[in-house]
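Architecture at a glance
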Amino acid sequence: MTFSPALQITDLNDFIGPSQECIKPVQTKKTKDSAQIAISGEQYFEVTKEGQQKLEAATISLNDCLACSGCVTSAETVLIQMQSHHELTQMIASDKTVVVSLSPQSMASLALKYQTTVEEAFARTNYFLKSILKVDHVFDIHLAKELSLWTSAQEFINRYQSQKMMLSSSCPGWICYCEKTHGDLLEMIDSTKSPQQIMGSLVKQVLRTKLECNPDTIYHVAVMPCYDKKLEASRSDFYNDVYRTRDVDCVITTGELERLFQEQNVQFAELQSLFEPNFFNPTGLLSRTEGTSSGGHLSFVLRHAVRELFQIQLTPQDVADGNNGISIVRGRNQDFTEVFFTPPGHTEPALRFCYAYGFRNIQNIVRKAKLKSRTRKLYDFVEVMACPSGCINGGGQLKTENAEQTRQAEQLYQSLGVTVSRLDEWLQFQDLFKTQYHRVEPLSEGLVAKW
């Protein structure tokens, strides 16, 4: 099986203990004499008083990027290997029903590069997948996002009434990091599946009933802005032991989708548009949820909590602009913002929320949340994303030249209309929307040494 050329898998020897490929050195030799690096062609040499020594090229696997805990196993790497756009093209030729779910962040990335609207990018991609690649079904994940928000909001009410802080769960990079390095915080994390995995459950458990087939006869692909989503899809929690199939069989990034265009000799700007109603979206039109391009959890959960706890109706614009009891405190960087709600007649906030994007801000949140001397919750809810600027700037997106282009991609996403679906008929499946997390203990003390 081949992996995306964007990332190459290294040697698959299991290395639980220290090895040459570990990115955390166990011991660093310190010498009085400094060394210089000489370059000859594509070779690098360390030059010391004793002579010249060739340096080995550094190797890094995908999982090194996914919240490294000091070691990587080939078990994870093999799972990731099965997720590439080449796997998708092979499965189209099989007898399986191929289903593709598209994220709006990926469509915004395409829209930015090809200077079109997000709706048009979605319609052209839909046409490409169905008319050229001959995929059986194409869906957007809007319904799954709405169900994820609703489920998170319900869980927040229970946690708030129990005086428990809640951390969002839709970012797999954050979940992986927490499981491997901060297992004591797992109890704070929302047990709601990400929209990707809720969509996986809907496809393999609900759509298959309509299609009158078994889950293992469906091959489900998700197009996402983030490489970490590949690892999320590979989690054992999302594997059906009875039918021996995953809820999401393959995740390809926006960049891999573009390579599919190129390999099929397709000019994206020349593709036709295809809008059509489908099982999960009666209009067939792409839309977004409220809040930022990272899913809108803070906005939705906050508004739901204010309505349920204080019987006050807030609009998404109230949360965005800081009106009707909402106050917004910007942090020292653009990826950290506090959002407070103070009910009428109160002098102190009753709800304390915040955004924390990027590992610098995540580490600050983690450090403060662990302070044993704290007499009250740090926050009631934190929307956590591993990538600076959130999902719109995911590692699997088409590359932008600067922060201004990332801002433009966010604006394109925000240009989508906000729609609210009737969820009643879907809430009967709410048992499918929950998951769990697992603390990963370090297997080698050496790998967690300070350096």
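To start, this report covers the structure provided alongside it.

What counts and what doesn't
Residues numbered from 1 in each chain as written. Predicted model: local features only at pLDDT ≥ 70, side-chain atom pairs only at ≥ 80, totals over all residues. Heavy atoms only, no water. Pairing = 2+ DSSP bridges. Helix = DSSP H or I, 4+ residues; strand = E, 2+ residues; numbered from the N terminus. Axes fitted to C-alpha atoms, helices over the stretch in contact; angles between N-to-C directions. Contact = heavy atoms within 4.5 Å. Buried < 20%, exposed > 50% of the residue type's maximum accessible area, 1.4 Å probe, protein only. Phe/Tyr/Trp six-rings, centres within 6.5 Å; stacked < 30°, edge-to-face > 60°. Lys NZ or Arg CZ within 6 Å of the ring centre and 35° of its normal. Salt bridge = Lys/Arg side-chain N within 4 Å of Asp/Glu carboxyl O.

Turning our eyes to something else, we now look at the sheet that holds strand E10 (residues 250-253). Within the open sheet, the four strands sit side by side as E5-E4-E7-E10. Their pairing is parallel. Of all the strands in the sheet, just strand E5 (137-140) and E10 have a single pairing partner and so form its edges. Neighbour-to-neighbour, the strand axes of the sheet open up by a mean angle of 25°, direction not taken into account. Helix-sheet contacts for helix H3 (residues 85-92) involve strand E4 (97-102), strand E7 (218-224) and E10, and the interaxial angle to E7 is about 150°. Along the sheet face, helix H8 (residues 195-211) touches E4, E5, E7 and E10 and points at about 150° away from the line of E7.

Take the environment of Phe359 next. Counting through the fold element by element, Phe359 comes out in helix H13 (residues 359-369). Judged by its relative accessible area of 28%, Phe359 falls in the partly exposed class. Along the backbone, Phe359 and Cys387 are 28 residues apart, and their C-alpha atoms lie at a distance of 7.4 Å. In this structure Phe359 touches Gly173, Tyr177 and Ala386, once residues within four positions along its chain are discounted.

Another point: the packing of aromatic side chains. In this structure the tally under the stated criterion is 16 aromatic pairs. Residues Tyr114 and Phe268 carry aromatic rings whose centres are separated by 4.7 Å and whose planes lie at 40° to one another, so their mutual orientation is tilted. Note that Tyr114 is positioned in helix H4 (residues 104-114) and Phe268 in the loop between helix H10 (254-263) and helix H11 (297-310), a separation of 154 residues in sequence. Tyr114 sits in the partly exposed class, given a relative accessible area of 25%. Ring geometry for Phe156 against Phe381: centres 6.3 Å apart, planes inclined by 85°, an arrangement best described as edge-to-face. Here Phe156, found in helix H6 (residues 142-161), pairs with Phe381, found in strand E14 (residues 381-385); they are 225 residues apart in sequence, far enough to count as distant. The residues Phe156 and Phe381 share a single accessibility class, namely buried. Taken together, Phe139, Phe279, Phe280, Trp426 and Phe429 form an aromatic cluster joined through their ring pairs. In this arrangement the basic side chain of Arg352 is found over the ring face of Phe340, its NZ or CZ atom lying 4.8 Å from the centre.

Moving on, we come to the pairing of E10. Side chains Cys250 and Ile252 of E10 all project onto a buried face; the interleaved residues Val251 and Thr253 project onto the opposite face, where all are buried too. By the bridge criterion, four bridges tie E7 to E10 in an arrangement that is parallel. Across the sheet, the residue bridging to Val223 is Ile252, located in E10.

Another point: the pattern of salt bridges. One side chain can pair with another of opposite charge once the charged atoms of both are near each other. Scanning the entire structure with this criterion turns up 15 salt bridges. Between Lys434 and Glu155 there is a salt bridge, with the nearest N and O atoms lying 2.4 Å from each other. Of this pair, Lys434 sits in the segment after helix H14 (403-414) while Glu155 sits in helix H6, and the two are 279 residues apart along the sequence. Relative accessible area serves as the criterion here: at 35%, Lys434 is assigned to the partly exposed category. A relative accessible area of 9% places Glu155 in the buried class. The shortest N-O distance in the salt bridge between Glu256 and Lys230 comes to 2.9 Å. A residue pair is termed long-range when its members are at least 10 positions apart, and Glu256 in helix H10 and Lys230 in helix H9 (residues 228-233) qualify at 26 residues. Given the relative accessible area of 0%, Glu256 is considered buried. Because the salt bridges share partners, they merge into one network encompassing Glu155, Arg159 and Lys434.

Purely spatial values, then, with no claim about function.
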